[in-house]
Amino acid sequence: NLTLKSIFGLQWTRDYCSQVKYILKTDDDTYFNLPVLLQQLPSLSNISLLGSLNSNAPVQRQGLWQVNQAQFPQPTYPPYCSGCAYVLNQDILSALVTAAKSIPMLPIEDVYVTGLLAHSIGEQCKHATHFPYWYMGPSPKHICLLLNERIFGLHNVPYESVYYIYSKINSGHRCNIL
């Protein structure tokens, strides 16, 4: 269902937000410092798909993120953006939605959208070190990276921590741990 939700979100954005230049997709448990991203976007003007690049990721055949051989026979996924946060521009949005009509869905949403669909239209996720990896939770080190504007966001943030992080950012707090 997550893959369907993402495709329908892209389709809705294409249909009702055609005037926007960039689309940020984040997971609901990702804290994202949008003002810092907005400062950086002008220098990233020629991007189509930007995020934390995963390359040579093995296909999980068991467990929570399992994909069976019939769904995806290759042993590794194509390069894709980590689904906790990525940016795409309006130019490829419609092409991704169109491609989804002819490419069988995978239950792994980020692999499907930013890997398989993007590859089918000749695009690939471009790595940006400021984007969080899926494992970048709200540890003291990662919070300091966020506060020092070295990363744009954190993943796996419990909702109880959102206000704490927000208040630290808005107070201009910086860390000296790193």
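Residues numbered from 1 in each chain as written. Predicted model: local features only at pLDDT ≥ 70, side-chain atom pairs only at ≥ 80, totals over all residues. Heavy atoms only, no water.

J.: I'd love a proper account of the state of the cysteines, names of residues and values included.
T.: Throughout the structure, instances matching the rule amount to two disulfides. Two residues share a disulfide in this structure: Cys81 and Cys125, whose sulfurs sit 2.1 Å from each other. With the S-S dihedral at roughly 100 degrees, the linkage between Cys81 and Cys125 falls on the right-handed side. Taken together, the positions of Cys81 in strand E4 (residues 80–89) and Cys125 in the loop between helix H4 (109–120) and strand E5 (126–127) put the pair 44 residues apart, joining distant regions of the chain. By the burial criterion, Cys81 is buried, and Cys125 matches it. The disulfide partner of Cys144 is Cys175, and the S-S distance across this bridge is 2.3 Å. Negative torsions about the S-S bond denote left-handed disulfides, and the value of about -80 degrees found for Cys144 with Cys175 makes this one left-handed. Highlighted residues: Cys144 in helix H5 (residues 140–147) and Cys175 in the segment after helix H6 (159–170), separated in sequence by 31 residues. We note that Cys144, like Cys175, is buried. Should the bonded cysteines of the protein be numbered as they appear in the sequence, the pairing reads 1-2, 3-4. Between Cys84, a cysteine without a disulfide, and Cys81, which holds the nearest cysteine sulfur, the sulfur-to-sulfur distance is 9.8 Å. (Disulfide = S-S within 2.5 Å. Helix = DSSP H or I, 4+ residues; strand = E, 2+ residues; numbered from the N terminus. Buried < 20%, exposed > 50% of the residue type's maximum accessible area, 1.4 Å probe, protein only.)

J.: Run through the sheet that holds E4, naming residues and quoting values.
T.: Taking strand neighbours across the sheet as the criterion, the four strands line up as E1-E4-E3-E5 in an open arrangement whose pairing is mixed. Strands at the two margins of the open sheet, each flanked by one partner only, are strand E1 (22–26) and E5. Note: strand E3 (residues 49–54) against E4, five bridges, orientation antiparallel. Bridging from a neighbouring strand, Gly51 pairs with Tyr86 of E4. In this fold H4 packs onto E1, E3 and E4, with an angle of close to 50 degrees to the strand it touches most, E4. (Pairing = 2+ DSSP bridges. Contact = heavy atoms within 4.5 Å. Axes fitted to C-alpha atoms, helices over the stretch in contact; angles between N-to-C directions.)

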